[in-house]
Amino acid sequence: MSDAPTTEPCDACGEPTTDALARTVRLSVDRANIDTQRLCPECFAEWIQRYQAEMGGGTGRDDGSDSEIIVD
């Protein structure tokens, strides 16, 4: 068995990404998995910015709500 990290492509850009650097974005509704994406660090950063702009109104201010992004 090899100690080399596993590489699979980023679902957004297609570039190979090692498991240590990959981020997984999961969309679940009522505990049902709707979508899962494996993203490289650059695509993940773009995804976070797009999420904040589209879901947070793009204001970038803290309105005191309890919404949060959970990354595992």
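To be clear, the structure that these remarks concern was listed above.
Residues numbered from 1 in each chain as written. Predicted model: local features only at pLDDT ≥ 70, side-chain atom pairs only at ≥ 80, totals over all residues. Heavy atoms only, no water.

**Q** Please clarify how the pairing of strand β4 (residues 32-39) should be interpreted in this entry.
**A** Residues in a regular strand project their side chains so that they alternate between the two faces of the sheet. Inspection of the sheet shows strand β3 (residues 23-29) paired to β4 by seven bridges, in the antiparallel sense. When the sheet's bridge partners are listed, Arg26 is paired in β4 with Thr36. Linking β3 to β4, which pair antiparallel, is a turn of two residues; within it Asp30 sits at a positive phi near 50°. (Pairing = 2+ DSSP bridges. Helix = DSSP H or I, 4+ residues; strand = E, 2+ residues; numbered from the N terminus.)

**Q** Please clarify how the packing of aromatic side chains should be interpreted in this entry.
**A** The way to describe two aromatic rings as a pair is by their centre distance and the angle between their planes. Going through the model one piece at a time under the given rule, you end up with two aromatic pairs. Each ring, one from Phe44 and one from Trp47, has its centre 6.4 Å from the other, and the planes form 10°; the classification is stacked. A residue pair is termed a helical-turn pair when its members lie 3 or 4 positions apart in one helix, as Phe44 and Trp47 do in helix α1 (residues 41-55) at three residues. Trp47 sits in the buried class, given a relative accessible area of 18%. Seen in terms of ring centroids, Trp47 and Tyr51 are 5.4 Å apart; in terms of plane orientation they differ by 20°. Their pairing is stacked. Of this pair, Trp47 and Tyr51 both sit in helix α1, four residues apart, which is roughly one turn of that helix. (Phe/Tyr/Trp six-rings, centres within 6.5 Å; stacked < 30°, edge-to-face > 60°. Buried < 20%, exposed > 50% of the residue type's maximum accessible area, 1.4 Å probe, protein only.)

**Q** Looking at this structure, I do not really get the nonpolar core. What am I missing?
**A** Burial of nonpolar side chains together is a common tendency in soluble globular proteins. If you look at the biggest cluster of nonpolar residues, it comprises eight residues: Cys10, Val25, Leu39, Cys40, Cys43, Phe44, Trp47 and Ile48. At four residues, the largest contribution of residues to this core is made by α1. Every residue in contact with Cys43, bar those within four places of it in the chain, is listed here: Cys10, Ala12 and Cys13. (Core = buried A, V, L, I, M, F, W, Y, C linked by side-chain atoms within 4.5 Å. Contact = heavy atoms within 4.5 Å.)

**Q** It is not clear to me how the side chain of Arg38 should be interpreted in this structure. Could you clarify?
**A** By the secondary structure assignment, Arg38 is in strand β4. Of the residues examined, Arg38 reaches a relative accessible area of 15% and is grouped as buried. Within the local environment of Arg38, its side chain forms a polar contact with the backbone oxygen of Thr17, the two atoms lying 2.6 Å apart. In this structure the side chain of Arg38 is engaged in a polar contact, spanning 3.1 Å, whose partner is the side chain of Asp19. Not counting residues within four places of it along the chain, the set of residues in contact with Arg38 comprises Thr6, Glu8, Pro9, Cys10, Asp11, Ala12, Thr17, Thr18, Asp19, Ala22 and Arg23. (Polar contact = N/O pair within 3.5 Å; in protein donor to acceptor, adjacent residues only side chain to side chain.)

**Q** Whenever I open this one, unusual backbone geometry confuses me. Can you help?
**A** Working note: non-glycine residues mostly have negative phi, and peptide bonds are mostly trans. With a phi close to 50°, Asp30 is a non-glycine residue in the positive phi region. Within the secondary structure, Asp30 sits in the loop between β3 and β4. Positive phi, normally seen in glycine, also occurs at Arg31, with a value near 70°. By the secondary structure assignment, Arg31 is in the loop between β3 and β4. Judged by relative accessible area, Arg31 falls into the exposed class, the value being 84%.

Remember that the coordinates give geometry; whether it matters functionally is a separate question.
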